[in-house]
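Chain and residue survey
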Amino acid sequence: MDARYMVFGFQHTGKTTFAAALWHQVDSEEIPNALTKGKHAGQFAYLGEIAEAWAEGYEVERTRSKQVEKIRINLVHARSGADVALEFDDLSGETFEKAFSQRFCPEPFVELVKGARGMLLFVSADRRNDDSVTILDAFDADEEEAQAPDPNLWEPEKTPLQVQLVDLLQCLRREPFSTAPMRVAVVVSAWDLAPEGETDAARWLKDRYPLLSQYLENSDGVTDVRVYGVSAQGGRLSKKSAGPGPDRDRLLATLPASERVIVVGPGATKHDITRPLLWLAGLEAAR
Ligand SMILES: Nc1nc2c(ncn2[C@@H]2O[C@H](COP(=O)(O)OP(=O)(O)OP(=O)(O)O)[C@@H](O)[C@H]2O)c(=O)[nH]1
Ligand SMILES: [Mg+2]
């Protein structure tokens, strides 16, 4: 059984970090994961690279916009013996944002979507764009400056994130993608930065992204939806070239390193980052 799942998410939503932490966990076998590492052949140098940065307590490098890194992680469901060949392309978040603002989408992305059986949809608990400017702020500014903004000047990238996401998700149902209805696992990344005391990622999503929540719950294209809060990095880090980040010492002291990862959500078991994939693959109930 070869099942491919796609990753969907805008810039800086934690996609690459998730892949790095996933690879570290299944490669190191430091903790019991629901899905374990399967056979690997061919290129996986990139995975090794990002997982190494992760293990050393540094941020992974940003994915450049022209670069489409094939990430293929073959997993095995030990309990049932089922093979889950999981493949996703580490597309830059810019690819998604351009798809919205310019209605352009590169060929590899079309292929990725067409072969996907389900989706990991990334939003970040750290992304504050949608909080920063509202229509009310625009009105206030208008009054203060007594100068009307140019109504012809529209900057698509300033469109609220959830509007962009819903638009793109709808597009996937049509040509050239024509995706079949699928499960969607929403990953709220950087969950360590969610408001203190927030324990329910689904509630967080409803509160912060109400339009997206409604779409996911009601679209014919979505057979089932779950929301997970995932802290794949475990805290704030910085790039190796920029020196150690604020939480690096604490994270390096967490042993084994796999336990830096925290996952909350239905069926989650604290550290196992494969749980959202287990559910996407329909294996959660399998014995
Ligand atoms: N605090 C915290 N920050 C995180 C976590 N995971 C990712 N981040 C931060 O989120 C930012 C984006 O992470 P990436 O994994 O590079 O995101 P991406 O979606 O691959 O981004 P692009 O490749 O630019 O589209 C980085 O600054 C990370 O440090 C986490 O678990 N906790
Ligand atoms: Mg990336």
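Up top you'll find the structure we're talking about.
So, here's what we can say about the structure. In this text the structure is predicted, and so the values were computed from the model without any measurement. (Residues numbered from 1 in each chain as written. Chains lettered and ligands numbered in written order. Predicted model: local features only at pLDDT ≥ 70, side-chain atom pairs only at ≥ 80, totals over all residues. Heavy atoms only, no water.)

Points about the overall build of the chain
What the chain contains, in helices and strands, is 11 helices and 8 strands. Looking at the chain as a whole, 49% of its 287 residues are labelled buried. Taking the contacts inside the chain whose residues are at least 6 apart along the sequence as the reference set, 76% of them involve residues at least 24 apart. When the accessible surface of the chain is split by element, carbon and sulfur atoms take 50% of a total near 14,600 Å². (Helix = DSSP H or I, 4+ residues; strand = E, 2+ residues; numbered from the N terminus. Buried < 20%, exposed > 50% of the residue type's maximum accessible area, 1.4 Å probe, protein only. Contact = heavy atoms within 4.5 Å. Areas by Shrake-Rupley, 256 points an atom, 1.4 Å probe, with all protein chains shown as cover.)

Side note on the side chain of Thr159
Considering the arrangement of structural elements, one finds Thr159 in the loop between helix 6 (135-145) and helix 7 (161-171). Excluding residues that lie within four positions of it along the chain, Thr159 makes contacts with Phe100, Trp154 and Gln164.

Brief notes about the nonpolar core
Ranked by size, the top nonpolar core spans 40 residues in total, and within it Phe18, Ile50, Ile73, Leu120, Val230 and Ile273 carry the most contacts. It is helix 1 (residues 15-28) that provides the largest number of residues to this core, a total of 7 residues. Excluding residues within four positions of it along the chain, Ile50 makes contact with Thr16, Ala19, Ala20, Val60 and Ile71. In this structure, Ala99, Val113, Trp191 and Tyr215 belong to the second largest nonpolar core, which totals 37 residues. (Core = buried A, V, L, I, M, F, W, Y, C linked by side-chain atoms within 4.5 Å.)

Here we look at the pattern of salt bridges
Inspection of the entire model under this criterion finds 10 salt bridges. For the salt bridge of Asp27 with Lys37, the shortest nitrogen-to-oxygen distance reads 2.6 Å. Of the two residues, Asp27 is situated in helix 1 and Lys37 in strand 2 (residues 35-37); the sequence distance between them amounts to 10 residues. The closest approach of N and O atoms between Lys206 and Glu217, which form a salt bridge, is 3.6 Å. Of this pair, Lys206 sits in helix 8 (residues 201-208) while Glu217 sits in helix 9 (residues 210-218), placing them 11 residues apart in sequence. A residue is classified by how much of its surface remains accessible, and Glu217, at 47% relative accessible area, is partly exposed. Each of Arg226, Arg275 and Glu284 takes part in one network of salt bridges that share partners. (Salt bridge = Lys/Arg side-chain N within 4 Å of Asp/Glu carboxyl O.)

Description of helix 4 (residues 107-114)
Every α-helical turn comprises 3.6 residues, leaving residues that sit three or four positions apart pointing alike. Along helix 4, the residues that are buried comprise Phe109, Val110, Leu112 and Val113. Buried residues of helix 4 fall within an arc of 160 degrees about the axis and therefore sit on the same side. (Arc of directions from axis to C-beta.)

Comments concerning the site of ligand 1
Neighbouring ligand 1 are 23 residues, the closest being Lys15, Thr17, Glu59, Gly93 and Asp192. Take Lys15: an N or O atom from its side chain is 2.6 Å from an oxygen atom of ligand 1. Between ligand 1 and Thr17 there is a distance of 2.5 Å, counted from an oxygen atom to a side-chain nitrogen or oxygen. Sorting elements by how many residues they give to the shell around ligand 1 places helix 1 first, with 3 residues. (Near = heavy atom within 4 Å. Polar contact = N/O pair within 3.5 Å; in protein donor to acceptor, adjacent residues only side chain to side chain.)

Quick look at the side chain of Asp272
Here Asp272 shows up in the loop between strand 8 (262-264) and helix 11 (275-280). As a buried residue without a salt bridge, Asp272 has its nearest oppositely charged side chain in Arg275, at a separation of 4.8 Å. Here the side chain of Asp272 touches Ala34 through a polar contact of 2.7 Å, landing on its backbone nitrogen. (Lys, Arg positive; Asp, Glu negative; His and termini not counted.)

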